[in-house]
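Single-letter residue listing:
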Amino acid sequence: MSVCVFIGHRTWNLGNLLPQLQTAVTKVVQESDSVEFLFYHHNCTEPFYDRCLLAANWIKQRSRRGVKITMLVNSRHYDAFLRQDGYSVPLCMIDQAVPITVPDPSRRDYSQGYKTVMRGMLERADFVISGVYEAIFDTERNFLHHARDVLKRQIINVTDSKAEQAILERVPTLSQREQAVFQMVQGGMSQREIAAQLQLSSTRAQQIVRMVGRTLKEYAKARAWAIDKQAGKTWTCCIFDTGPASPEKLGRFAGYIMFLRSRYRVHRFYIGRTFAASGFMDTLAQQLACFQDGCEIIEVANGESPLDDPLEPYRRSTSLRYTVEGAPGLDDAGEWQTNAYMMGQSDFCICDLAAAPDGDRIRDFVSRTERAVILDLGGEQFAGEGP
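This section reports on the structure supplied with the text. Residue numbers restart at each chain and count upward from 1, following the sequence in its written direction. Given that this is a predicted model, residues contribute local features only at a pLDDT of at least 70 and side-chain atom pairs are listed and counted only at 80 or more, while totals for whole chains, interfaces and linings are drawn from all residues. Only hydrogens and water are set aside; all other atoms, that is, all heavy atoms of the structure, feed into the side-chain values.

Bringing unusual backbone geometry into the picture now. Of note in the backbone geometry, Lys-152 takes a positive phi value of approximately 60° without being a glycine. Locating Lys-152 in the fold gives a position in the loop between helix H5 (139-150) and strand E6 (154-157). Three labels apply to residues, based on accessible area from a 1.4 Å probe with only protein chains included: buried if under 20% of the type maximum, exposed if over 50%, partly exposed otherwise in between. Note on Lys-152: relative accessible area 63%, which makes it exposed. One non-glycine residue, Gln-199, lies in positive phi territory at about 55°. Secondary structure is summarised from DSSP: a helix means a run of H or I of at least four residues, a strand means a run of E of at least two, and numbering begins at the N terminus for each. Mapped onto the elements, Gln-199 comes out in the loop between helix H8 (191-198) and helix H9 (202-231). Overall, the relative accessible area of 75% leaves Gln-199 in the exposed class.

It is worth spelling out the pairing of strand E3 (residues 66-74) at this point. Consecutive side chains of a regular strand alternate in pointing toward one face of the sheet and then the other. For E3, the tally of buried residues reaches 7 of 9 residues, placing the bulk of the element in the interior. The pairing of strand E2 (residues 34-40) with E3 spans 7 bridges and is parallel. Each bridged residue has a counterpart across the sheet, and for Leu-38 the counterpart in E3 is Thr-70. Sheet analysis places E3 next to strand E4 (residues 96-100), joined by 5 bridges and oriented parallel. What sits directly across from Val-73, in E4, is Pro-99. Each pair of strands is called paired provided DSSP finds at least two bridges between the two strands.

This paragraph deals with the nonpolar core. Residues belong to one nonpolar core when they are buried, are Ala, Val, Leu, Ile, Met, Phe, Trp, Tyr or Cys, and are joined through side-chain atoms within 4.5 Å. Membership of the largest hydrophobic core comes to 85 residues, with the highest contact counts inside it found for Phe-6, Phe-37, Ile-129, Ile-239, Leu-284 and Ile-350. The dominant element in this core, judged by the number of residues it contributes, is helix H2 (residues 47-60), at 9 residues. With sequence-adjacent residues up to four places away left out, Phe-37 is seen in contact with Cys-4, Phe-6, Val-25, Val-28, Val-29, Ala-56, Ile-59, Val-67, Lys-68, Ile-69 and Thr-70. A contact between two residues is defined here by any heavy atoms of the two lying within 4.5 Å.

Right, let's get into the pattern of salt bridges. Take a side-chain nitrogen of Lys or Arg and a carboxyl oxygen of Asp or Glu: if they are within 4 Å of each other, that pair is a salt bridge. Under the criterion given, the structure shown has 13 salt bridges. The partner of Arg-263 in a salt bridge is Asp-50, with the nearest N and O atoms 2.9 Å apart. Here the residue Arg-263 occupies a position in helix H10 (residues 247-264), and Asp-50 occupies one in helix H2, the gap between them amounting to 213 residues. Among the residues examined, Asp-50 registers a relative accessible area of 4% and is labelled buried. A salt bridge links Glu-248 to Arg-252, with the shortest nitrogen-to-oxygen separation between them at 2.9 Å. Placement of both Glu-248 and Arg-252 in helix H10 is noted, with a separation of 4 residues, approximately one turn of the helix. What you see here is one network of salt bridges that share partners, running through Glu-134, Arg-148 and Asp-149.

This paragraph deals with empty space enclosed by the protein. A pocket here means an open set of points on a 1 Å grid, computed over the protein atoms alone, that has protein on both sides within 12 Å along at least five of seven lines. A cavity is instead a set of points where a 1.4 Å probe fits but cannot get out; residues with an atom within 4 Å of a point line either one. Grid points are joined across faces, edges and corners, and a volume is the space filled by probe spheres set on the points. Scanning all chains against the criterion turns up 3 cavities of 30 Å³ or more. The volume enclosed by the largest cavity comes to roughly 90 Å³. Lining the largest cavity are 12 residues, and of these Tyr-40, Tyr-49, Asp-50, Val-89 and Arg-263 lie nearest its centre. When contributions to the lining of the largest cavity are tallied by element, the ones reaching two or more residues are E2 and H2. For the lining of the largest cavity, a count of residues per class yields 7 nonpolar, 2 polar and 3 charged. Classification used: nonpolar for Ala, Val, Leu, Ile, Met, Phe, Trp, Tyr, Cys and Pro, charged for Asp, Glu, Lys and Arg, polar for all others including Gly.

Listed below in structure tokens is the structure:
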């Protein structure tokens with residue numbers, strides 16, 4: 001089994017990264033008999049790795065070959081992860097969670113544990129999918145050089161060439177000394193060599209390297225934010241065939257909604273009339289109301305005109321928008337056609353495949369859509385490995 005690891009700038013990414021990631025994971029699967037995608041669990045939103053996890057699930061739900069998703073979890077947080085505390089990655093998105101011992105962060109280097117874990121993952125990797133921009137001097141750049149130049153791993157690049165060029169065009173705005181240091185680092189010189197070349201102390205040379213990296217990183221982050229705002233992508237989720245509303249499933253469902261809102265900023269939720277009248281509707285409304293940013297819940301109409309309106313009690317909310325959408329070609333359509341329409345519009349589909357009357361049909365349909373990924377409310381949730 002081949003092992004694939006992702007590396008990229010943790011708190012931002014440039015451009016619409018998902019298509020490049022989908023192409024990359026497809027290449028890895030095509031070149032392997034079976035693949036394990038290896039992740040390290042972070043307790044916060046990390047846009048790059050969140051999209052990598054989505055791409056791994058996307059290829060797993062579309063591939064006939066063996067695809068396994070493993071999450072390494074700090075042993076100190078492992079029990080909380082299994083309980084799905086906070087905005088944890090839903091267990092349905094991974095096949096295995098493995099507790100690992102992570103060194104305590106030192107006072108001088110808070111990210112020491114993260115670096116140790118990532119280097120260990122790169123040691124295991126056969127493929128490395130990289131979203132690292134080498135003009136940014138940070139920890140992830142060091143990971144890339146270690147994987148490529150020391151470990152000789154196969155690197156699959158998913159960066160955007162226009163974004164890379166935009167970062168490089170920012171270099172002339174640096175001071176002359178900073179520009180000189182930038183060119184030296186790009187040329188492969190060590191900080192000790194840079195200090196000797198510029199007749200500086202090693203400490204001062206290190207400060208300048210960090211300052212250059214920080215300046216270019218802040219520019220890249222601002223550019224990423226502007227691109228994201230200009231693109232105006234609205235992440236969407238459809239919900240249907242959720243089955244009986246047991247306390248356990250309602251809790252799991254609430255966790256899925258919080259995860260999608262916090263990690264992917266899912267803003268639009270498509271629902272069918274059956275769901276609108278279910279016990280899950282209260283939970284959806286309560287979870288979305290926490291964010292106070294005008295999420296949209298759209299009931300997809302299929303030609304029915306019943307006397308009752310299951311959404312009527314929720315329309316008084318000031319933080320949520322409730323609308324009814326007449327889907328093209330769905331006049332007098334059955335429930336399957338309505339669900340298929342919603343899946344075709346969505347990035348995520350929440351349902352209980354075991355309880356759904358068309359579970360296999362749902363899997364097959366999603367595998368043929370461009371982007372949808374299933375979050376299964378039912379089925380077995382693994383217990384995890386012991387520490």
